[in-house]
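Chain by chain, the residues:
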Amino acid sequence: MEFDLPKTVALLVALVVVGTATLVGMGAMATSTVLMMVTPSMLVFGALCLAIGVKHGEYRASN
């Protein structure tokens, strides 16, 4: 499977949606806490890891 920007963003959003739905469904913490604090931090962390991974892949491909 070849990843391009739309597929990559869709997979990142899908992972965050699944994680958010699981946390809300478990009832481990308040829904407002999950939606206002956890979900945005999952998106930021995922985007940061994605950016680092892309740069690492570019480095590996160039050497």
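Residues numbered from 1 in each chain as written. Predicted model: local features only at pLDDT ≥ 70, side-chain atom pairs only at ≥ 80, totals over all residues. Heavy atoms only, no water.

Quick look at the side chain of Thr39
Tracing the backbone shows Thr39 in helix H2 (residues 31-62). The exposure class assigned to Thr39 is buried, which follows from its relative accessible area of 14%. Excluding residues that lie within four positions of it along the chain, Thr39 makes contacts with Val16, Thr20 and Val34. (Helix = DSSP H or I, 4+ residues; strand = E, 2+ residues; numbered from the N terminus. Buried < 20%, exposed > 50% of the residue type's maximum accessible area, 1.4 Å probe, protein only. Contact = heavy atoms within 4.5 Å.)

A closer look at the pattern of salt bridges
Inspection of the entire model under this criterion finds 1 salt bridge. Between Glu58 and Lys55 there is a salt bridge, with its nearest N and O atoms 3.3 Å apart. Remark: Lys55 and Glu58 occur in helix H2; sequence separation between them is 3 residues, near one turn of the helix. Given the relative accessible area of 43%, Glu58 is considered partly exposed. On the basis of relative accessibility, which here comes to 55%, the residue Lys55 falls in the exposed class. (Salt bridge = Lys/Arg side-chain N within 4 Å of Asp/Glu carboxyl O.)

Focus on the packing of helix H1 (residues 5-26) against H2
Viewed as axis vectors pointing N to C, H1 and H2 meet at an angle of 150 degrees, and their least axial separation amounts to 10 Å. Relative to H2, the element H1 is oriented roughly antiparallel. Relative to H2, the crossing made by H1 is right-handed. Along the contact surface, H1 presents Thr8, Leu12, Val16, Gly19, Thr20, Leu23 and Val24, while H2 presents Thr31, Val34, Leu35, Val38, Thr39, Met42, Leu43, Gly46, Ala47 and Leu50. In the contact of H1 with H2, the residues fall into 11 nonpolar, 6 polar and no charged. (Axes fitted to C-alpha atoms, helices over the stretch in contact; angles between N-to-C directions. Parallel < 35°, antiparallel > 145°, perpendicular 65-115°, else oblique. Left-handed = near helix turned anticlockwise from the far one by under 90°. Nonpolar A, V, L, I, M, F, W, Y, C, P; charged D, E, K, R; others polar.)

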